[in-house]
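Notes for the structure review
Listed below, chain by chain, are the residues.
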Amino acid sequence: QVQLVESGGGLVQAGDPLRLSCAASGRTFSIYVMGWFRQAPGKERELVASITWSGGTTYYADSVKGRFTISRDNAKNTVYLQMNSLKPEDTAVYYCATRPTGQVGRRPTDFNYWGQGTQVTVSS
């Protein structure tokens, strides 16, 4: 089992920055990729960024490229999502999730452990 705890969400104004954190515990050796998903009301959950646990290879959705940065601190078993130039359309519940070794894909079903989510609200 892997436990994930997100923090850092909140209410900000458009253009403001915000940093989310996701602390992992438990069987972290089984993690190959850490991802940040988001889900807005009435919309599907989407992957916005991911990073490989060991090599640091990253992926970003087109909608956040150039504004969001994902990073990891292996010593702290923590992944961060630095979000800059936030827009109202970034409003969503943000979840961190893990994808195990041997699994590929960017769909929610490709990820096996999930945090509880943290709300990000961007006002215009």
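In this text the structure is predicted, and so the values were computed from the model without any measurement.

**So, the nonpolar core**
- Grouped together as the largest cluster of nonpolar side chains are 29 residues, with contacts concentrated most on M34, W36, I70, L81, M83 and Y94.
- Sorting elements by how many residues they give to this core places strand β3 (residues 18-26) first, with four residues.
- Counting residues in each nonpolar core, the second largest holds five residues, with V33, F37, A97 and F111 among its members.

**Things to note about the side chain of T78**
- Among the structural elements, T78 can be located in strand β8 (residues 78-83).
- From its side chain, T78 meets the backbone oxygen of K76 in a polar contact 2.8 Å long.
- If we skip the residues at most four places from it in the chain, T78 touches S21, C22, A23, W53, S71, R72 and D73.

**Structural notes on the pattern of salt bridges**
- Counting across every chain of the model gives five salt bridges.
- The partner of R38 in a salt bridge is E46, and the shortest N-O contact between them spans 2.8 Å.
- Look at R38 and you get buried, because its relative accessible area is 7%.
- Here D90 and R38 are joined by a salt bridge, their closest N and O atoms 2.9 Å apart. Taken together, the residues span a long stretch of sequence, with D90 in the loop between β8 and β9 (92-100) and R38 in strand β4 (residues 31-39) at a distance of 52 residues.

**Some remarks on the sheet that holds strand β1 (residues 2-7)**
- If you trace the four strands from one edge of the open sheet to the other, you get β1-β3-β8-β7, paired in antiparallel fashion. The outermost strands of the open sheet, each flanked by one partner alone, are β1 and β7 (68-73). Strand-to-strand, the axes of this sheet are offset by a mean angle of 15°, without reference to chain direction.
- Of the pairings in the sheet, the one linking β1 to β3 comprises six bridges and is antiparallel in character. Bridge pairing in β3 links V2 to G26.

**Comments concerning the pairing of β7**
- Where β7 and β8 come together, six bridges link them in antiparallel fashion. Bridged to T69 within β8 is Q82.
- As consecutive antiparallel partners, β7 and β8 are separated by four residues, and within that stretch N77 has a phi angle of approximately 50°, a positive value.

**So, the environment of G10**
- Counting through the fold element by element, G10 comes out in strand β2 (residues 10-13).
- Not counting residues up to four positions away in its chain, the partners in contact with G10 are L18, Q119, V120 and T121.

**Section: the packing of aromatic side chains**
- Under the counting rule described, the total for this entry stands at four aromatic pairs.
- Residues F37 and W114 carry aromatic rings whose centres are separated by 4.8 Å and whose planes lie at 50° to one another, so their mutual orientation is tilted. One end of the pair, F37, is in strand β4; the other, W114, is in strand β10 (residues 113-114), and 77 residues separate them in sequence.
- On the basis of relative accessible area, W114 is assigned to the partly exposed category, the value being 26%.
- Here the basic side chain of R45 rests over the ring of W114, its NZ or CZ set 4.9 Å away from the ring centre.

How each quantity is defined
- Residues numbered from 1 in each chain as written.
- Predicted model: local features only at pLDDT ≥ 70, side-chain atom pairs only at ≥ 80, totals over all residues.
- Heavy atoms only, no water.
- Core = buried A, V, L, I, M, F, W, Y, C linked by side-chain atoms within 4.5 Å.
- Buried < 20%, exposed > 50% of the residue type's maximum accessible area, 1.4 Å probe, protein only.
- Helix = DSSP H or I, 4+ residues; strand = E, 2+ residues; numbered from the N terminus.
- Polar contact = N/O pair within 3.5 Å; in protein donor to acceptor, adjacent residues only side chain to side chain.
- Contact = heavy atoms within 4.5 Å.
- Salt bridge = Lys/Arg side-chain N within 4 Å of Asp/Glu carboxyl O.
- Pairing = 2+ DSSP bridges.
- Axes fitted to C-alpha atoms, helices over the stretch in contact; angles between N-to-C directions.
- Phe/Tyr/Trp six-rings, centres within 6.5 Å; stacked < 30°, edge-to-face > 60°.
- Lys NZ or Arg CZ within 6 Å of the ring centre and 35° of its normal.

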